[in-house]
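# Understanding the architecture of this molecule
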Amino acid sequence: MGGLFLRDGPLRVLSETSANSAFKILKRRDRGETPAEIAEKASEKLTGYRFTRTVSIAPVAAAENNSYPGDDRERLVSGAPVEDDSSFELKLRPQRLAEFIGQKRVKEQLAVAIEAARSRGEAMDHVLLYGPPGLGKTTLANIIANELAVHFQPTAAPLLQIKGDLTAIITNLQDKQVLFIDEIHRLQPVLEELLYSALEDYKLDIIIGQGPSARTHTLEVKPFTFVGATTRAGLISAPLRARFGIVLRLEFYTPDDLQIIVERSAEILGVAIDKAGAKEIAGRSRGTPRIANRLLRRVRDYAQVRGAGKIDEPTAKAALELLEVDHYGFDEVDRRLLLTIIQKYQGGPVGVNTLAAVLAEEPDAIEEIYEPFLMQIGFLNRTPRGRIATQLAYEHFKIAPPRRQASLF
């Protein structure tokens, strides 16, 4: 949701309306036209949107109304990016390897590879970055380009639908440029095969014509560095994985690293914060910088509205309690899932389909969104018979575990 403020009231754009269209509406208001006249003229340009007397623009079928309970995009403690993350992340992202906090092993390997490529004057070897969302894969790709002093070309695999899309991008690359493709595991197989020769020999084989008159033409491309990022490395085909000379896994961050990240982000955003307040936010961030920065923004809002404008430990605790994020970083969905296993199924085992029916969630969402973090911190076990709550889960909710009847066999 974005907004434009006029001289005599706000004009709210409740959709992904283009900047050009919004600017045209703004110009009409400046000419002194009434809201009704603006709405009538703007409706001719922006089909699919309805206009009210207050010049509020809302899509007829808003995407927000189609969301489902527990949707990962709306979770405050989800590592996946949400709508308001991108604008803040651009300001908060480090631009150099020395500014990047955490991931010591990854940084050391990249530093060596970057320095070697610069000393030889060659394009750096291709890099695959994988790990859970929100750990800095896109940031590292941008840092590689900055350290090599070359252009950075980002895109995402789902956006590449036909061979012409990928061919146009690769043939327009400059010498030693960094090409970054996010969600590389979703790249179509026909595009993967086109990419093989480009990565290995810096050549593109394209077919011109159809039928008996078709012929193969080879295009020379300039040497470039390909950086792929994925959250699911297991879905990348073996031939594509073999083309990457550097394969790096990003791990979850320690609380100390996250505290430094929170303090740095607060300084950039102009928010006063003490070490105790930063530590409180870092401890509930699930080891993920994206979640830490998101919680920082929410706590900042609370401190400005109900506090003294400074984030200290009591303010951070009060804000996070209001947001229903506990000291483990659990939100309502995490607690509901664990309590369902403990209270309704005596701690398990219980199948994922049963849990999905009780929680009104999709089985894939439970397996890919909710369970990984609970298993990583030891609150949930995934067994062939089903999901089982661990002793830590019972202690967290202060519930006595049931006595297990000894097996007769």
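None of these values were measured; they are calculated from a predicted model.

What counts as what
- Each chain carries its own residue numbering, running from 1 in the direction its sequence is written.
- Local features in a predicted model are, by the rule used here, given only for residues with pLDDT of at least 70; side-chain atom pairs are given and counted only at 80 or more, and totals for whole chains, interfaces and linings are based on all residues.
- Note that water and hydrogens are dropped before the side-chain values are worked out from all heavy atoms of the structure.
- Any two strands with at least two DSSP-identified bridges between them are counted as paired.
- Note on conventions: DSSP H or I runs of at least 4 residues are helices, E runs of at least 2 residues are strands, and numbering of each starts at the N terminus.
- Interaxial angles span 0 to 180 degrees and are taken between N-to-C directions of axes, which are lines fitted to C-alpha atoms, for helices over the stretch in contact.
- Buried Ala, Val, Leu, Ile, Met, Phe, Trp, Tyr and Cys residues that are joined via side-chain atoms within 4.5 Å together make up what is termed a nonpolar core.
- Burial here depends on accessible area, computed with a 1.4 Å probe over protein chains only, as a share of the maximum for the residue type. Under 20% is buried, over 50% is exposed, and the range in between is partly exposed.
- Note on contacts: a residue pair is in contact if any heavy atoms of the two residues lie within 4.5 Å.
- Note on scores: pLDDT gives the predictor's confidence for each residue, bounded by 0 and 100.
- Here the angle decides the label: under 35 degrees means roughly parallel, over 145 means roughly antiparallel, 65 to 115 means roughly perpendicular, and every other value means oblique.
- Crossing handedness: left-handed means the near helix sits turned counterclockwise from the far one by under a right angle, and right-handed means the same turn made clockwise.
- The residue classification treats Ala, Val, Leu, Ile, Met, Phe, Trp, Tyr, Cys and Pro as nonpolar and Asp, Glu, Lys and Arg as charged. All others, Gly included, are polar.

## Remarks on the sheet that holds strand S10 (residues 225–230)
If you trace the 5 strands from one edge of the open sheet to the other, you get S6-S7-S10-S5-S11, paired in parallel fashion. Both edges of this open sheet fall to strand S6 (152–156) and strand S11 (246–249), since each of them pairs with a single strand only. Strand after strand, the sheet turns through a mean of 15° between neighbouring axes, direction not considered. Bridge count between S6 and strand S7 (residues 178–182): 5 bridges; the pairing is parallel. Within the sheet, the bridge partner assigned to Gln-153 lies in S7 and is Leu-179.

## Quick notes on the nonpolar core
One recurring pattern in soluble globular proteins is that nonpolar side chains are buried together. Among the nonpolar cores identified, the biggest contains 49 residues, and Leu-110, Met-124, Val-127, Ile-144, Ile-281 and Ile-311 are the most heavily contacted of them. Among residues more than four places away in sequence, those in contact with Ile-281 are Val-262, Ile-273, Ala-292, Leu-295, Leu-296, Val-299, Ile-311, Ala-316 and Leu-320. By size, the runner-up hydrophobic cluster in this structure holds 24 residues, among which are Ile-170, Leu-199, Phe-224 and Ile-236.

## Concerning the confidence of the model for the protein chain
Caution applies to low-pLDDT parts of the model: their predicted coordinates are not meant to be read in detail. When pLDDT is averaged across the protein chain, the result is 78; 77% of the residues are at 70 or more. In the model of the protein chain, strand S4 (residues 57–59) stands out as the element of lowest mean pLDDT, 36, in contrast to strand S5 (residues 127–130), which has the highest, 94. The low-confidence segment residues 42–73 (pLDDT under 50) makes 55 contacts with residues lying over four places distant or belonging to another chain. Below pLDDT 50 for its whole length, residues 405–409 participates in 0 contacts with residues either more than four positions away or in separate chains.

## Notes on the environment of Arg-335
Along the chain, the position of Arg-335 falls in helix H13 (residues 332–344). What Arg-335 contacts, discounting residues up to four positions off in sequence, is Glu-324, Asp-326, Phe-330 and Phe-397.

## Considerations on the packing of helix H9 (residues 255–269) against helix H10 (residues 275–283)
Contact geometry for H9 and H10: axes closest at 8 Å, N-to-C directions at 120°. Taken together, the axes of H9 and H10 lie oblique to each other. Crossing of H9 over H10 shows right-handed handedness. Between H9, through Pro-255, Leu-258, Gln-259, Val-262 and Glu-263, and H10, the contact on the second element is made entirely by Lys-275, Ala-278, Lys-279, Ile-281 and Ala-282. The residue makeup of the contact of H9 with H10, split by class, is 6 nonpolar, 1 polar and 3 charged.

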